[in-house]
Amino acid sequence: MSTVTLSPASTTAPGNPSVFYRNKSTTTAGSKCRTRFRSKPIFAALVEEARPRSLPPARGNNNNNINGAVPELNSGVSSLVPASRNRADDIQAESKALARAVNASVYSPELIKLKYASRPFKVLRRTLQILVGLGSFGVKLWVDQLQGQLEQNRRARAVELRETFTRLGPTFVKIGQGLSTRPDLCPPEFLEELSELQDALPTFPDAEAFACIEKELGLSLDSIYSSISSSPIAAASLGQVYKAQLKYSGQFVAVKVQRPGIEEAIGLDFYLIRGLGFLINKYVDFISSDVVALIDEFARRVYQELNYVQEGQNARRFKKLYADKEEVLVPDIYWDYTSGKVLTMDWVDGVKLNEQAIIEGQGLKVLDLVNTGIQCSLRQLLEYGYFHADPHPGNLLATPEGKLAFLDFGMMSETPEEARFAIIGHVVHMVNRDYEAMARDYYALDFLAPEVDVTPIVPALRNFFDDALNSTVSELNFKTIVDGLGAVLYQYPFNVPAYYALILRSLTVLEGLALYADPNFKVLAASYPYFAKRLLTDPNPYLRDALIELLFKDGKFRWNRLENLLVQGKQDRDFSAKEALQPVLKLLLDPEGEELRSLVIKEAIRVTEAITIGTMIDTYNSIPGPLKSFLPNGNGIGIPMTDAEIESMMELRAQVLRIWGLLRSSDNIDPAILQPILQVLQEPEARNLGGRVFGGITQRLAARMLQQVLRSPATARAPSV
């Protein structure tokens, strides 16, 4: 088989300290360049946005592009940007990529069991390897504790744990990656060492990687690339990444190549872990979840990561849903150079999100990027339901332009539609301390079977949240809630769905990243504007009911809650005051909304009276003192009211005016904000509603006037204003 000898060239990628190489075709067998390096920090991964280009049949060393022009390289970036391919060509290229991945493995616990049940010696050898690796580490920690040397030996133990996970292979590397983002669980020394598991793992031979590319794509290396890095830019649990330049376009791309023998390694590990799950389900009573089901779900996700065409489709779907925000960057896929074991996508220059000093040295703020990640994650989890389930720092990059780049779309999951609304409702019920409703939410979340009685769960929720909510919701951190709910889950017959476990993983990783930059960061505080916006603007019936529950209590409207929602909602850049009005008005005039209309009419009467009387009092106070004595009753309103009543009305008026001010000061406010009101007022039900409000105000003022007539002048009192 012909191979490629790599020789150094003068071209170097901007911002990347790695040496770049240019291809030279030869027929020398078995030669390879083995330059081992690791850039710190790794300006890894995957690229400026570009659409797939039409692919010419590139062979030999012809450096011409499809138009016959030679790309001019400026600081390592091609200034020639070919036109995007049309949709039909792209679909055809994707179909060919799917055909190349037709034999990709799919997780099947039955097939894995059938395979390894007949290999007891191999299973025993792997079991002993895991027990020896983790057991020896545990013994060393125990000895350190007995000798009082935990602090002194922490760095050495962190290195040993990283090396142990690395030796044990991809499955345990995944565990280490999860731990590397949890400063609340691991000391700093462990976080630093385990973070190297994200993209700084030992590499496999370049010759094997290049041979895999040629075999998978059916093309020689020099016909695809004009240059390719001599060594991997990054190496992760399932593959390693090279930086290359496409011959036909001059475009820089990232080429991810799968580790050889990876399926065999993870298959045996999942066989063993699944066996452990059966033992836990059978003998460990305090874990009520189906552990085997959780393991199977995780295994399915990992096996999906082994199919790079599937990952490419995931990336395309993610880009379509979430890259509409200018602060979010998602690399595009080159289907012509993608197969089951080779993935080619845009190259992105960036810094890992936990490299705080370097990011801030570029004039960027880590917390701004984390907030972008949180807002994008909330859209993933609660808007479209399609979310990135593996957002560790190696998969989140800060670009020099201040964008947040998402990488590695192998592990994705989906939130069921009913659960999305139930999660938002659950937050509302938590804010309201409505623990009965919180308990009922677990049906919609699929935590409980319909026949389970939630009555005994309510006191447990009350005991935890009454204490936790003594501070404001925004002061709670996500871990506090997870830990508290975890204690409840262990006590009752909950069955945590697999999607929920992945949501917890995703959010805890983001909170862990934020804690690097600010130990006092709270995910809920950053999330609340999104929840407020959704409650105020989303016409979904479930969320409209949740909004009513939040605003009305015991037949009274809670203006402070509405004001708080508007204050929080305005912090979300997508909030629109116009959108906040129309769904509420439509809900108010719904044929089945009589109960709500009665509450609103009652509150409208109170507000109208407060504004009217408040205006009269303001007018009275503006009159010069000597003239006030000529006014009837000496109070300017001619209505007998106590100081407490007037104070309450003035406070209500002030609150309503503040809320109107919040609506008017919306960034995207315009006169059209009144258009939904005018449209709704033309409906028959609206005219009836207005008549009922007017009638109520008239009756209220008439009653006060009658009270004034029947009241003795001696008992009338002027308000203190």
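Rules behind the numbers
- Each chain carries its own residue numbering, running from 1 in the direction its sequence is written.
- Selection of residues for local features in this predicted model requires a pLDDT of at least 70, selection of side-chain atom pairs for listing and counting requires 80 or more, and totals for whole chains, interfaces and linings are taken over all residues.
- Note that water and hydrogens are dropped before the side-chain values are worked out from all heavy atoms of the structure.
- Elements are defined by DSSP. Helices are runs of H or I of four residues or more, strands are runs of E of two residues or more, and each kind is numbered from the N terminus.
- Residue contacts follow a heavy-atom distance rule, with two residues in contact if any of their heavy atoms lie within 4.5 Å.
- What qualifies as a polar contact is a pair of N or O atoms within 3.5 Å, subject to a donor-acceptor requirement within protein and to the restriction that residues adjacent in sequence count only when both atoms come from side chains.
- Looking at any residue, its pLDDT shows the predictor's confidence there, from 0 to 100.
- What counts as a ring pair is set by centres within 6.5 Å for rings of Phe, Tyr and Trp (its six-membered ring), and what kind of pair is set by the plane angle: stacked under 30 degrees, edge-to-face over 60, tilted for all other angles.
- Buried means the residue's accessible area, taken with a 1.4 Å probe over protein chains only, is under 20% of the maximum for its type, while exposed means over 50%, and partly exposed covers the values in between.
- The rule for a charge over a ring is simple: NZ of Lys or CZ of Arg within 6 Å of the ring centre, and within 35 degrees of the ring normal.
- Salt bridges are defined as contacts in which a side-chain nitrogen from Lys or Arg sits within 4 Å of a carboxyl oxygen from Asp or Glu.
- In these notes, a set of buried Ala, Val, Leu, Ile, Met, Phe, Trp, Tyr and Cys residues joined through side-chain atoms within 4.5 Å is what counts as a nonpolar core.
- Axis angles are defined between N-to-C directions and span 0 to 180 degrees, where every axis is a line fitted to C-alpha atoms and, for a helix, only to the segment in contact.
- Each crossing gets its handedness from the near helix: less than a right angle anticlockwise from the far helix is left-handed, clockwise is right-handed.
- Gly is placed with the polar residues, together with every amino acid not listed as nonpolar (Ala, Val, Leu, Ile, Met, Phe, Trp, Tyr, Cys and Pro) or charged (Asp, Glu, Lys and Arg).
- Strand pairing is assigned whenever DSSP identifies at least 2 bridges connecting the two strands.

Participant: Which residues make up the environment of Glu263, and what values do they have?
Facilitator: Position of Glu263 among the secondary structure elements: in helix α9 (residues 262–283). The spacing of Glu263 and Val106 is 157 residues in sequence and 10.0 Å in space, taken between C-alpha atoms. Discounting chain neighbours no more than four positions away, the residues touching Glu263 are Ser105, Gln258, Tyr303, Leu306 and Lys341. Within the local environment of Glu263, its side chain forms a polar contact with the side chain of Ser105, the two groups lying 2.4 Å apart.

Participant: Describe the confidence of the model for the chain, naming the residues involved and giving the relevant values.
Facilitator: With 70% of its residues at a pLDDT of at least 70, the chain reaches an overall mean of 75. Counting interchain partners and residues more than four positions distant, the pLDDT-below-50 stretch residues 1–83 has 216 contacts.

Participant: Please give an account of the packing of aromatic side chains that cites residues and values.
Facilitator: Under the definition given, this model contains 13 aromatic pairs. For the ring pair Tyr442 and Phe447, a centre distance of 5.6 Å and an interplane angle of 15° mean the geometry is stacked. There is no split in this pair, since Tyr442 and Phe447 are both buried. Every member of this aromatic cluster is reached through a ring pair, and the members are Phe318, Tyr322, Tyr384, Phe406 and Phe409. Taking the ring centre of Tyr308 as reference, the NZ or CZ of Lys256 above it sits at 5.0 Å. A cation sits over an aromatic face here: Arg317 above Tyr386, 3.8 Å from the ring centre.

Participant: Help me get a handle on the pattern of salt bridges, residues and values and all.
Facilitator: Tallied over the full model, the rule gives 26 salt bridges. Here Glu264 and Arg119 are joined by a salt bridge, their closest N and O atoms 3.6 Å apart. Taken together, the positions of Glu264 in helix α9 and Arg119 in the loop between α2 (109–116) and α3 (120–146) put the pair 145 residues apart, joining distant regions of the chain. Classification of Glu264 as partly exposed rests on a relative accessible area of 27%. For Lys533, the salt bridge identified is with Asp572, shortest N-O distance 3.9 Å. Of the two residues, Lys533 is situated in helix α19 (residues 523–537) and Asp572 in the loop between α21 (559–569) and α22 (577–588); the sequence distance between them amounts to 39 residues. The same class applies to Lys533 and to Asp572, which are both buried. What emerges from the salt-bridge pattern is a single network uniting Arg87, Asp90, Arg316 and Asp332.

Participant: Requested: an account of the nonpolar core, with residues and values cited.
Facilitator: Counting 149 residues, the largest nonpolar core has Phe318, Leu353, Leu461 and Leu565 as the members making the most contacts within it. A per-element tally of this core places helix α18 (residues 498–517) first, with ten residues. Setting aside its immediate chain neighbours within four residues, Phe318 contacts Ala323, Val330, Cys376, Gln380, Tyr386, His388, Phe406, Phe409 and Met412. In this structure, Phe210, Ala244, Tyr334 and Val342 belong to the second largest nonpolar core, which totals 20 residues.

Participant: Hey, could you go over the packing of helix α1 (residues 87–100) against helix α11 (residues 308–322) for me, with residue numbers and the actual values?
Facilitator: Orientation of α1 relative to α11, taken along the N-to-C sense of each, is 150°, at an axis distance of 9 Å. In this structure, α1 meets α11 at a crossing whose hand is left-handed. Residue-level inspection shows Asp90, Glu94, Ala97 and Leu98 of α1 in contact with α11, the latter providing Val309, Gln313 and Arg316. Here the contact of α1 with α11 is composed, by residue class, of three nonpolar, one polar and three charged.

Participant: Break down the sheet that holds strand β13 (residues 396–398) for me, citing the residues and quoting the values.
Facilitator: With mixed pairing, four strands are arranged side by side in an open sheet as β9-β14-β13-β11. If you trace the sheet from one side to the other, it starts and ends with β9 (328–329) and β11 (351–352), each paired once. Sheet analysis places β11 next to β13, joined by two bridges and oriented antiparallel. Looking across to β13, one finds that Lys352 is bridged to Leu397. Helix α13 (residues 366–384) contacts β9, β13 and β14 (404–406) of the sheet and is inclined by roughly 45° relative to β14.

Participant: Outline helix α15 (residues 435–444), listing residues and values.
Facilitator: Within an α-helix, residues lying three or four positions from one another point in the same direction, as the helix has 3.6 residues per turn. Judged by how many residues are buried, α15 sits mostly within the fold: seven of ten residues are covered. Along α15, the positions that sit buried rather than exposed are Tyr435, Ala437, Met438, Ala439, Asp441, Tyr442 and Ala444. Asp446 lies just past α15 and shows a positive phi near 65°.

Participant: Kindly report on the side chain of Thr399, identifying the contributing residues and their values.
Facilitator: On the secondary structure map, Thr399 appears in the loop between β13 and β14. The contacts of Thr399, once residues within four sequence positions are left out, are Leu329, Val348, Asp349, Gly350, Leu364 and Ala405.

Participant: Go over the packing of α19 against α21 with me, naming the residues and quoting the values.
Facilitator: Relative orientation of the contacting elements α19 and α21 amounts to 115°, with a least axis distance of 7 Å. Crossing handedness for the pair α19 and α21: left-handed. Here Tyr528, Pro529, Ala532, Lys533, Leu535 and Leu536 of α19 lie close against α21, whose contacting residues are Leu562, Asn564, Leu565, Leu566, Gln568 and Gly569. Of the residues contributing to the contact of α19 with α21, the split by class is eight nonpolar, three polar and one charged.

Participant: Could you give an account of the pairing of strand β8 (residues 252–258), naming the residues involved and the relevant values?
Facilitator: Most of β8 sits out of view: seven of its seven residues are buried. Residue alternation in β8 divides its side chains into two sets, Phe252, Ala254, Lys256 and Gln258 and Val253, Val255 and Val257, and both sets are buried. Note that strand β7 (residues 239–246) and β8 share seven bridges and pair antiparallel. Bridged to Lys243 within β8 is Ala254. Hairpin connection from β7 to β8: five residues lie between these consecutive antiparallel strands, with Gly250 at a positive phi of about 80°.

Participant: Lay out unusual backbone geometry with the relevant residues and their values.
Facilitator: Despite not being glycine, Asp408 has its phi angle at roughly 60°, a positive value. With respect to the secondary-structure elements, Asp408 resides in the loop between β14 and β15 (412–414). Residue classification places Asp408 among the buried residues on the basis of a relative accessible area of 15%. Phi is positive for Asp446, close to 65°, though the residue is something other than glycine. For Asp446, the location among the structural elements is in the loop between α15 and α16 (457–468).

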